[in-house]
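Analysis of the macromolecular model
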Amino acid sequence: MLEISSAQLLREFITLFVVVDPIGSLPVFYFATSSVAARFHWKFALRGVLVAALVLYSFLIAGQVVIEAIGLRLGSFQIAGGIILFLFALTMIFGSSKPAREIEEAEHTDLSGAVYPLAIPSIASPGAMLAIVILTDNNRNSVSDQLVTAGVLGVVLLITLLLLLLAARLKKIIGSTGADVISRVMGLILATVAVDSVLNGFETLGLFAVQG
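Reference entry: report on the structure contained in this document.

Each value, and the rule that gives it
- Residues numbered from 1 in each chain as written.
- Predicted model: local features only at pLDDT ≥ 70, side-chain atom pairs only at ≥ 80, totals over all residues.
- Heavy atoms only, no water.
- Helix = DSSP H or I, 4+ residues; strand = E, 2+ residues; numbered from the N terminus.
- Buried < 20%, exposed > 50% of the residue type's maximum accessible area, 1.4 Å probe, protein only.
- Contact = heavy atoms within 4.5 Å.
- Areas by Shrake-Rupley, 256 points an atom, 1.4 Å probe, with all protein chains shown as cover.
- Axes fitted to C-alpha atoms, helices over the stretch in contact; angles between N-to-C directions.
- Parallel < 35°, antiparallel > 145°, perpendicular 65-115°, else oblique.
- Left-handed = near helix turned anticlockwise from the far one by under 90°.
- Nonpolar A, V, L, I, M, F, W, Y, C, P; charged D, E, K, R; others polar.
- Patch = residues over 30% accessible without salt bridge, like charges linked within 9 Å, V, L, I, M, F, W, Y side chains within 5 Å.
- Salt bridge = Lys/Arg side-chain N within 4 Å of Asp/Glu carboxyl O.
- Phe/Tyr/Trp six-rings, centres within 6.5 Å; stacked < 30°, edge-to-face > 60°.
- Core = buried A, V, L, I, M, F, W, Y, C linked by side-chain atoms within 4.5 Å.

Re the overall build of the chain
Assigned secondary structure in the chain consists of 10 helices and 0 strands. The buried share of the chain, reckoned over its 212 residues, is 48%. A fraction of 86% describes how many contacts in the chain between residues 6 or more apart in sequence connect residues 24 or more apart. If you sum the accessible surface of the chain, you get close to 10,600 Å²; carbon and sulfur atoms cover 69% of it.

Have a look at this one:
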């Protein structure tokens, strides 16, 4: 029986959309495909999204199991993950934009491809890996709820693929500046999600009950 509410479904979609940041991945895609023939761009985009999907679904299936197997409490992971997501959000708001940092890293290492920096860390970012584990808490969510989360992740990845396939057209509309602005707005949303994760972690550990 499906227990997830429409409000929670929307929250999960927004959370995953923010941490995956499909729009913020566009400048990374532009850089990574700069030396690739245009006719191969769709294959490049597909490969990047498939690799990211493999990584994220691996965390969805086994992430919490691994954490608990080494003796860590999920509540502690939620708090740590929330803090990391919050710091990540601060860099999105006040620091270099996500695509700018990843493009700079790619330039320094002379690596440009569908796996790096497009799939990892642009699409399957550390924030996305943490978020997917937190959203699929085995102790709080049923298998059916986790399947819904898996479906939401799939929708976000499909949106990412669609945006990458339309990258040439979108570049004329938003450009790098537009992607930077959107990335900072998403950082603010992610900061709110991160605080909520910390509060849920305290509740999971039984330190206090979160109201509302």
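Brief notes about the packing of helix α1 (residues 6–20) against helix α7 (residues 126–135)
Direction vectors running N to C along α1 and α7 enclose 160°, while the axes themselves pass 8 Å from each other. When the axes of α1 and α7 are compared, the pair comes out roughly antiparallel. Along this stretch, α1 crosses α7, giving a crossing that reads as left-handed. Listed contacts from α7 to R11, E12, T15, L16, V19 and V20 of α1 are G127, A128, A131, I132 and L135. Residue composition of the contact of α1 with α7, by class: 7 nonpolar, 2 polar and 2 charged.

Some details on the packing of helix α3 (residues 41–69) against helix α8 (residues 143–165)
The geometry of α3 relative to α8 is characterised by a closest axis approach of 10 Å and an angle of 160° between their N-to-C directions. Between α3 and α8, the interaxial angle falls into the category roughly antiparallel. In the crossing of α3 with α8, the sense of the turn from one axis to the other is right-handed. Between α3 and α8, the residues in contact are W42, A45, L46, V49, A53, L56, Y57 and L60 and A150, L153, G154, L157, T160, L161, L164 and L165, respectively. A class-by-class count of the residues in the contact of α3 with α8 yields 14 nonpolar, 2 polar and no charged.

Here we look at a nonpolar patch on the surface
A cluster of nonpolar side chains, contributed by I83, F86, L87, V195, L199, L207 and F208, occupies part of the molecular surface with about 610 Å² of accessible area. At the level of elements, α4 (74–94) and α10 (175–204) are the ones that each hand at least two residues to the nonpolar patch. A total of 3 residues in the nonpolar patch trace back to one element, the largest contributor, which is α4. Its place among the elements puts F86 in helix α4.

Quick word on the packing of aromatic side chains
For the structure on display, the rule yields 2 aromatic pairs. Relative to F44, the ring of F29 has its centre 6.1 Å away and its plane inclined at 65°; by these criteria the two rings are edge-to-face. On the criterion of sequence distance, the pair formed by F29 in helix α2 (residues 26–32) and F44 in helix α3 is long-range, its members being 15 residues apart. Each member of the pair, F29 as well as F44, carries the same accessibility label: buried.

What to know about the environment of L147
Within the element layout of this structure, L147 appears in helix α8. Its relative accessible area of 58% is what places L147 among the exposed residues. Once the C-alpha coordinates of L147 and T136 are considered, the two residues, 11 residues apart in sequence, prove to be 8.9 Å apart.

A few points about the nonpolar core
Ranked by size, the top nonpolar core spans 42 residues in total, and within it L16, F29, L56, I123 and L164 carry the most contacts. Those elements that provide at least two residues to this core are α1, α2, α3, α6 (118–123), α7, α8 and α9 (167–173). With sequence-adjacent residues up to four places away left out, L16 is seen in contact with D21, I132, L135, T149, V152, L153 and V156.

Comments concerning unusual backbone geometry
Even without glycine at this site, D21 takes up a positive phi of about 55°. For D21, the location among the structural elements is in the loop between α1 and α2.

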